[in-house]
Amino acid sequence: MNELLIKAYVKGLNGAERVHNYFKDERGVTAVEYAIVLAGVAAVVAVIFGRGGTVENLLKSIFSTVSEQVMSSITS
């Protein structure tokens, strides 16, 4: 009977230690931090390269200027 109680006690200690270690483990926190950074970067990229974004407006302006210059050189 004592041996059975000792085994149960040891298993209980192992289980409690595992639970304690689970809550102290910070590996998941790092993954969450990376996910937040990735979401921020994705938002910035979407604003810059998305429809109506900075890059699109810049390219439209450049091509419009080049097109106007080519048309004016053709007509003159």
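In this text the structure is predicted, and so the values were computed from the model without any measurement.

1. Overview of the overall build of the protein
At step 1: From N to C terminus, the protein includes 3 helices and 0 strands.
At step 2: Going from the N terminus to the C terminus, the protein shows its helices and strands as α-α-α.
At step 3: Here the protein holds 76 residues, and 1% of them are scored as buried.

2. A look at the environment of Ile48
At step 1: Along the chain, Ile48 turns up in helix H2 (residues 27-49).
At step 2: A residue is classified by how much of its surface remains accessible, and Ile48, at 31% relative accessible area, is partly exposed.
At step 3: Residue contacts for Ile48: discarding those within four places in its chain leaves Gly53, Thr54 and Val55.

3. Topic: the pattern of salt bridges
At step 1: Overall, the coordinates contain 1 salt bridge when judged by the stated rule.
At step 2: Here Glu56 ties to Lys60 by a salt bridge, and the two come within 3.2 Å at their closest N and O atoms. Here Lys60 and Glu56 lie together in helix H3 (residues 54-75), a separation of 4 residues that amounts to about one turn.
At step 3: Since its relative accessible area comes to 52%, Lys60 is described here as exposed.

4. Side note on a nonpolar patch on the surface
At step 1: A cluster of nonpolar side chains, namely Leu58, Leu59, Ile62, Phe63, Val66, Val70, Met71 and Ile74, defines an oily patch on the protein surface of about 780 Å² accessible area.
At step 2: Counting through the fold element by element, Phe63 comes out in helix H3.

5. Brief notes about the confidence of the model for the protein
At step 1: For the protein, per-residue confidence averages 79 on the pLDDT scale, and residues scoring 70 or more make up 75% of the total.
At step 2: Averaged pLDDT values for the elements of the protein fall to 69 in helix H1 (residues 2-24) and rise to 87 in H3.

About the cut-offs
- Residues numbered from 1 in each chain as written.
- Predicted model: local features only at pLDDT ≥ 70, side-chain atom pairs only at ≥ 80, totals over all residues.
- Heavy atoms only, no water.
- Helix = DSSP H or I, 4+ residues; strand = E, 2+ residues; numbered from the N terminus.
- Buried < 20%, exposed > 50% of the residue type's maximum accessible area, 1.4 Å probe, protein only.
- Contact = heavy atoms within 4.5 Å.
- Salt bridge = Lys/Arg side-chain N within 4 Å of Asp/Glu carboxyl O.
- Patch = residues over 30% accessible without salt bridge, like charges linked within 9 Å, V, L, I, M, F, W, Y side chains within 5 Å.
- Areas by Shrake-Rupley, 256 points an atom, 1.4 Å probe, with all protein chains shown as cover.
- pLDDT = per-residue confidence, 0-100.

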